[in-house]
Amino acid sequence: MRIGILADIHEAIEPLRRALVEFRRMGVDQVVSLGDACDTCGTVGRAGETVALLREARAVGVWGNHDFGLCGDVPSELRQRAAPGVLDFMASMQPHLVLEGCRFSHVEPWLDACQIENLWYFDGLPDTAEKAGRSFAAVPERHLFVGHMHCWLVITPTGRLDWNGEAPLLLNSEPRYLVVVAPVVDGWCAVYDTAAAELTPVRCAG
């Protein structure tokens, strides 16, 4: 399966649209959003357009710290501001998602994404074996994909890989991987081919 991964869209319509075009060109089977597709910290002005594109792409995904308020028990103030269809789509977001043996979440998997304080947690990048080990110990999946940190990062139980999104990367030489996916709002997305165990960074900037 080829999984198209979108991290931290933050209602950036133009790079999102280009990412989805690239996904179609690359034969992606399933689009996954890693959270912060919409941004309740802003005006929520382009949430409707963002959701329309994701719905058309049949995207699934998880919530993040910036769009958590649009999921579940939505405050009345956000209900009034949200465009039609946004709440219905966001209600389908989950704290984490497991697909083809891969785990997708907004924050590190050792954090409970049902708790808002955990969605805002940041103690620096999980760029050491000790920090990444918290996630490897918490969940069983081999490949863990997260967003939130607005960068590329790949780390295994033995340490960080010397890789920054400049080329495709095979995720089959180590037993487990924690992958931070760079954000759509900065012009990035990714495709993960589960059969080939190959992660391909994709530029979606203008």
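The structure this text deals with has already been given above.
So, here is what we can say about the structure in this document.

Here is what the cut-offs are and how they apply
- Residues numbered from 1 in each chain as written.
- Predicted model: local features only at pLDDT ≥ 70, side-chain atom pairs only at ≥ 80, totals over all residues.
- Heavy atoms only, no water.
- Pairing = 2+ DSSP bridges.
- Helix = DSSP H or I, 4+ residues; strand = E, 2+ residues; numbered from the N terminus.
- Contact = heavy atoms within 4.5 Å.
- Axes fitted to C-alpha atoms, helices over the stretch in contact; angles between N-to-C directions.
- Buried < 20%, exposed > 50% of the residue type's maximum accessible area, 1.4 Å probe, protein only.
- Core = buried A, V, L, I, M, F, W, Y, C linked by side-chain atoms within 4.5 Å.

## Structural notes on the sheet that holds strand β8 (residues 159-160)
Sheets are built from strands paired through backbone hydrogen bonds, the pairs being either parallel or antiparallel.
(1) Moving on: Judged by pairing direction, the sheet is mixed, and its six strands sit side by side in the order β4-β5-β6-β10-β7-β8 without closing on themselves. A strand with exactly one partner marks an edge of an open sheet, and here the two such strands are β4 (96-99) and β8.
(2) Moving on: Both β4 and strand β5 (residues 102-105) contribute to a ladder of four bridges, which runs antiparallel. Its bridge partner lying in β5, H96 is registered against S105.
(3) Moving on: In the packing of helix α6 (residues 129-138) onto the sheet, contacts are made with β6 (143-146), β7 (153-156), β8 and β10 (177-180), and the angle to β7 comes to roughly 80 degrees.

## Quick notes on the sheet that holds strand β2 (residues 30-33)
(1) Moving on: With mixed pairing, six strands are arranged side by side in an open sheet as β3-β2-β1-β11-β12-β9. At either margin of the open sheet sits one strand with a lone partner, and together these are β3 (60-61) and β9 (169-170).
(2) Moving on: Where strand β1 (residues 2-6) meets β2, four bridges bridge the pair, whose relative direction is parallel. Within β2, the position partnered with L6 by the bridge is S33.

## Details of the pairing of β4
(1) Moving on: On β4, burial follows the alternation: L97 and L99 on one face are buried, whereas H96 and V98 on the facing-out side are not.
(2) Moving on: From the end of β4 to the start of β5, which pair antiparallel, there are two residues, and E100 there has a positive phi angle of about 50 degrees.

## Re the nonpolar core
(1) Moving on: With 37 residues, the main nonpolar core has L6, L16, F23, L54, L70 and M90 as its most contacted residues.
(2) Moving on: Elements with a minimum of two residues in this core: α1 (13-25), α2 (47-56), α4 (86-90) and β11 (188-193).
(3) Moving on: Sort the elements by how many residues they give to this core and α1 lands first, with five residues.
(4) Moving on: The residues touching L54, leaving out its near neighbours within four places in the chain, are L6, I9, L16, A37, A59 and F89.
(5) Moving on: Membership of the second largest hydrophobic core comes to 24 residues, among which are I5, A7, L99 and L171.

Spatial relationships are all this shows, so hold off on functional conclusions.
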